[in-house]
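Reading the structure
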Amino acid sequence: MSHCCVFSVDFLAQEKIWFDKPRYDEAERRFYERMNGSSQPSQDVGANTILQDIARARENIQKSLAGVSTPDQGEIVSRIKSLELENHSLHKVVDDLRVALSKLECRVAVLEKSPAAVTPAPTPSVPYTNVSSYQPLLSTLSSCVSEEEDDDDDDIDLFGSDDDEEAEKLKEQRLKEYAEKKAKKPGIIAKSSILLDVKPWDDETDMAKLEECVRSVQADGLLWGTSKLVPVGYGIKKLQIACVVEDDKVGTDMLEEEITKFEDYIQSVDVAAFNKI
């Protein structure tokens, strides 16, 4: 604590402004008296020196205040212009994004409202299917037929009697019965799946009437399936229709001959696909 007091006293001892304050006041008073035209001469050289110091200090203060740097006007203008350009470019980017978003929304709306594909005609009981889908069913049927034949064979005991004569009679009787059973069993009917392309004369042909004419062709062993309209070009569409036929009863030549009889609507008939079932 004593050390701090000594330091403060030493500092105040070296700071002359506090002890010389009356002299500063007196010098300032005389300066203003001289400025106001007072005729009283100044005799105190020390007062004049202090007065000059004060005037010099005030002049330095005024110069320092006047010399405070202010922002350059040109620099401010250039910054404002650069900010305006940047703002304009940002506005352009935002406008472009809005246009792109609007186009995207329109495209999505068109896709959501797009019409469904052409509705196919009512499907009959046996639709057109690729032959590969029938393979498991055919395998199952073949195995069932084989098992049934094996069961029938197992039911016939060709050597069931010890007596030779009775055994021969029984053998002949059972062989006859076996032959009769075999003759009564129906054989496997061969069928085919056919896909036809029926072409009209022009784009003004009534395709509904054309399909009605095609389906009017009826025959034993013929069953019509699904159909659809396929664009060909220039607004013309062809009828693509499927059918299942029994090979022994219906052939492709007969189908083409019967369908082309409706010459008012039908130009030609082609076989697009033919698969054995």
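The coordinates are above.
The following refers to the structure shown. Residue positions within a chain follow its written sequence, with the count starting from 1. The predicted origin of the model limits local features to residues at a pLDDT of at least 70 and limits the giving and counting of side-chain atom pairs to 80 or more, whereas totals for whole chains, interfaces and linings rest on all residues. With hydrogens and water excluded, all non-hydrogen atoms of the structure serve as input to the side-chain values.

**Brief notes about the packing of aromatic side chains**
- Between the rings of Phe, Tyr and Trp (Trp by its six-membered ring), a pair exists once the centres lie within 6.5 Å; its type follows the angle of the planes, with under 30 degrees stacked, over 60 edge-to-face, and the other angles tilted. Overall, the coordinates contain 1 aromatic pair when judged by the stated rule.
- Their ring planes at 75° and their centres at 5.5 Å tell us that Phe31 and Tyr32 sit as a pair that is edge-to-face.
- Think of it in three bands: with a 1.4 Å probe and only protein chains considered, a residue is buried below 20% of the maximum accessible area for its type, exposed above 50%, and partly exposed in between. Using a relative accessible area of 25% as the deciding quantity, one classes Phe31 as partly exposed.
- On the basis of relative accessibility, which here comes to 37%, the residue Tyr32 falls in the partly exposed class.

**Some words on the pairing of strand E1 (residues 191–200)**
- Burial runs high along E1: 8 of the 10 residues are buried.
- Strand pairing is assigned whenever DSSP detects at least two bridges linking the two strands. Helix and strand assignments follow DSSP, with helices taken as H or I runs no shorter than four residues and strands as E runs no shorter than two, numbered in order from the N terminus. One ladder, built from 8 bridges, connects E1 with strand E3 (residues 236–246); its direction is antiparallel. Considered in E3, the bridge of Ser192 is made with Val245.
- Relative to strand E4 (residues 266–276), E1 runs antiparallel, the two sharing 9 bridges. Bridged to Val198 within E4 is Val269.

**Structural notes on the pattern of salt bridges**
- Whenever Lys or Arg places a side-chain nitrogen within 4 Å of a carboxyl oxygen from Asp or Glu, that contact is recorded as a salt bridge. Inspection of every chain in the model, using the stated rule, returns 13 salt bridges.
- A salt bridge links Glu28 to Arg58; its shortest N-O distance comes to 3.1 Å. Taken together, the residues span a long stretch of sequence, with Glu28 in helix H3 (residues 21–35) and Arg58 in helix H4 (residues 45–66) at a distance of 30 residues.
- Take Glu28: its relative accessible area is 28%, and that puts it in the partly exposed class.
- Taking the relative accessible area as the measure of exposure, Arg58 reaches 38% and is therefore partly exposed.
- Salt-bridge contacts for Asp270 lead to Lys199; the nearest nitrogen and oxygen are separated by 3.6 Å. One end of the pair, Asp270, is in strand E4; the other, Lys199, is in strand E1, and 71 residues separate them in sequence.

**Quick notes on the nonpolar core**
- Residues belong to one nonpolar core when they are buried, are Ala, Val, Leu, Ile, Met, Phe, Trp, Tyr or Cys, and are joined through side-chain atoms within 4.5 Å. Counting residues in hydrophobic clusters, the biggest one holds 18 residues, and the most contacted among them are Leu196, Val198, Val214, Leu222, Trp224, Leu255 and Ile259.
- When contributions to this core are tallied by element, the ones reaching two or more residues are E1, helix H8 (207–215), strand E2 (222–233), E3, helix H9 (252–259) and E4.
- Of all the elements, E3 adds the most residues to this core, at 4 residues.
- Each residue touching Ile259, except ones within four places of it in the same chain, is listed here: Leu196, Val198, Val214, Val217, Trp224, Ile266 and Val269. Whether two residues are in contact is decided by their heavy atoms, any of which lying within 4.5 Å being enough.

**Let's talk about the sheet that holds E4**
- Strand order in the open sheet formed by 4 strands is E2-E3-E1-E4, and the pairing between neighbours is antiparallel. Of all the strands in the sheet, just E2 and E4 have a single pairing partner and so form its edges. Across this sheet, the average inter-strand angle for adjacent strands is 20°, counted without regard to direction.
- Here E2 runs beside E3; their pairing, made up of 9 bridges, is antiparallel. Residue pairing in the sheet places Lys228 in a bridge with Gln240 of E3.
- Axes, fitted as lines to C-alpha atoms, cover a helix only where it is in contact. Angles between the N-to-C directions of the axes lie from 0 to 180 degrees. Against the sheet, H8 contacts E1, E2, E3 and E4, and its axis sits at roughly 15° relative to E3.
- Relative to E4, H9 is tilted by about 155°, and along the sheet it contacts E1, E2, E3 and E4.

**Some details on a nonpolar patch on the surface**
- For patch detection, residues must exceed 30% relative accessible area and be free of salt bridges, and they are connected within 9 Å for like charges or within 5 Å for nonpolar side chains (Val, Leu, Ile, Met, Phe, Trp, Tyr). Computed by Shrake-Rupley with a 1.4 Å probe, the accessible areas treat only the displayed protein chains as cover when residues are assessed. Among the surface-exposed residues, Leu101, Leu104 and Val108 lie close enough to one another that they form a single nonpolar patch of about 260 Å² accessible area.
- Relative to the elements of secondary structure, Val108 occurs in helix H5 (residues 73–112).
- Relative accessible area serves as the criterion here: at 38%, Val108 is assigned to the partly exposed category.

So yeah, pure geometry; function would need other evidence.
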